[in-house]
Number of protein chains: 2
Amino acid sequence: MVQTTDSVTRLVEEFAKLPGIGRKSAERLAYHILRVHESEALALSDAIRTVKQNVRYCSQCFNLAESELCSVCQDSRRDKTLLCIVEQPRDLMAIEQSGMYPGLYHVLLGRIAPLEGIGPDQLTIDALVDRVREGTFREIIMATNPTTEGDGTALHISNLLSELPVTLTRLARGITTGSILEFTNKEILADALSGRQKL
Amino acid sequence: MVQTTDSVTRLVEEFAKLPGIGRKSAERLAYHILRVHESEALALSDAIRTVKQNVRYCSQCFNLAESELCSVCQDSRRDKTLLCIVEQPRDLMAIEQSGMYPGLYHVLLGRIAPLEGIGPDQLTIDALVDRVREGTFREIIMATNPTTEGDGTALHISNLLSELPVTLTRLARGITTGSILEFTNKEILADALSGRQKL
């Protein structure tokens, strides 16, 4: 932007660094900030600062936390014999939102992606193996994403844990509720057939 | 978001207040902030704060400024006999980016929009009339948006200024460079015909 003020230019540049925000959107956001009441703009500014200063990873499961342990690990009502392995904190949130899972989690903070140079060492797999070795879990549910990399990560972890006395399961795959068979692809149908359940 | 930390929830809520940012995008942005280096997140936080604290309206033309006068009004090389009237600072930036306009501006900070309850009093029209009355301008170019409201605003202003010894013009209307006649609508063709220029 020509002839605008330095601070506006800087704000546009910072907004444009956000994912999914192009130059035009960044300008629109900057003008929005200029237009709104000071308290609203400062609320956003402070929220960003606070998150960066307060949020860290749970020392036990690597979920997002504002203290040593996250809210799930702190909750005494959770079933401590069940562990669900997810890639990211946002996967954990998605499962929590379903309200169907009573156990604990372990967040890998990524997935094994050789093409991006991400190996098992960059994930929280060592900490996971240590947790499982303690022997408190009876079942471990793999909830990595149903992608090549997610499946590969799950396979790697199941190999590591295969010696330990724990049941390994993974999320059911099949057709999705509300979908239409005709428009379902063959991989999904193959999953649905091979995993068919009793009525 | 269930079970996430309070600061993350707050950040998602603040992002979701921005125009064009829905709930899902706000969550994505919040996770981006969590992932990036602290310095990058704080740069955005500070840029928002700085803009709110430093940027105000130019006391002469109501463009965005970081001091009493904006960079255009401060520039001694500008033609002080030419005035261009725009609705918003972003319109001014667009004209500046064309690099074709040597004069000064007056930013209305809106347009007359009776349906939204915006009348002439909420714009900077009084200040505009005072500026024009000083008699330094030989030409005033109306560059409000080519919409019903923009045209209405231009008409209102031209009525106010009609008594003063100054030439009023407006931006040329016609077909746009690069467009295809076949796909041009009849209003644009009518503008292009009535405003036809000598080759």
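Residues numbered from 1 in each chain as written. Chains lettered and ligands numbered in written order. Predicted model: local features only at pLDDT ≥ 70, side-chain atom pairs only at ≥ 80, totals over all residues. Heavy atoms only, no water.

## Some words on the domain arrangement of chain A
Each domain of chain A was delimited in the assignment, giving domain 1 (6-54) and domain 2 (77-170). Once you take the C-alpha centre of each, domain 1 of chain A and domain 2 of chain A turn out to be 35 Å apart. (Domains from an automatic or database assignment.)

## Overview of the relation of the copies chain B and chain A
Think of it as a corkscrew move, a rotation about one axis and a shift along it, taking one chain copy to the other. Least-squares fitting of chain B to chain A yields an RMSD of 0.0 Å, with the superposition described by an axial translation of 0.0 Å and a rotation of 180 degrees. Both copies are brought into coincidence by an operation consistent with a two-fold rotation axis. Taking the C-alpha atom as reference, chain B places Ser45(B) closest to the rotation axis, 2.2 Å from it. Interface overlap between copies: 100% of the residues of chain B at the interface are likewise at the interface in chain A, consistent with a symmetric, same-surface contact. (Least-squares fit on C-alpha atoms with pLDDT ≥ 70 in both. Contact = heavy atoms within 4.5 Å.)

## Examining the pairing of strand β5 (residues 139-142) of chain A
Residue and element names in this part refer to chain A. By the bridge criterion, four bridges tie strand β3 (residues 79-86) to β5 in an arrangement that is parallel. Of the residues in β5, the one forming a bridge with Leu83 is Ile140. Pairing of β5 with strand β6 (residues 167-170), which is carried by four bridges, proceeds in the parallel orientation. Paired with Ile141 across the two strands is Thr169, which belongs to β6. (Pairing = 2+ DSSP bridges. Helix = DSSP H or I, 4+ residues; strand = E, 2+ residues; numbered from the N terminus.)

## Topic: the sheet that holds strand β6 (residues 167-170) of chain B
Residue and element names in this part refer to chain B. Strand order in the open sheet made by the four strands is β4-β3-β5-β6, with parallel pairing throughout. Both edges of this open sheet fall to β4 (103-107) and β6, since each of them pairs with a single strand only. Sheet twist, expressed as the mean angle between neighbouring strand axes with direction ignored, is 25 degrees. Where strand β3 (residues 79-86) meets β4, five bridges bridge the pair, whose relative direction is parallel. The partner of Asp79 across the bridge, within β4, is Gly103. Strand contacts of helix α6 (residues 125-133): β3, β4 and β5 (139-142), with the helix running at about 150 degrees to β4, the strand carrying the most contacts. (Axes fitted to C-alpha atoms, helices over the stretch in contact; angles between N-to-C directions.)

## A closer look at the interface of chain B and chain A
Facing 54 residues of chain B, the contacting portion of chain A comprises 54 residues. Of the roughly 5,200 Å² buried at the junction of chain B and chain A (both faces included), carbon and sulfur atoms supply 64%. Inspection of the chain B/chain A interface yields two salt bridges. Put simply, Arg49(A) and Asp46(B) hold a salt bridge, and the shortest N to O gap is 2.4 Å. One can count 13 residue pairs in polar contact (both at pLDDT 80 or more) joining chain B with chain A. Every element with two or more residues in the side of chain B that touches chain A is listed here: α1 (6-16), α2 (23-35), α3 (38-54), β2 (64-65), α4 (71-74) and α5 (89-98) of chain B. A per-element tally of the side of chain B that touches chain A places α3(B) first, with 16 residues. (Buried area = accessible area lost by both parts, 1.4 Å probe. Salt bridge = Lys/Arg side-chain N within 4 Å of Asp/Glu carboxyl O. Polar contact = N/O pair within 3.5 Å; in protein donor to acceptor, adjacent residues only side chain to side chain.)

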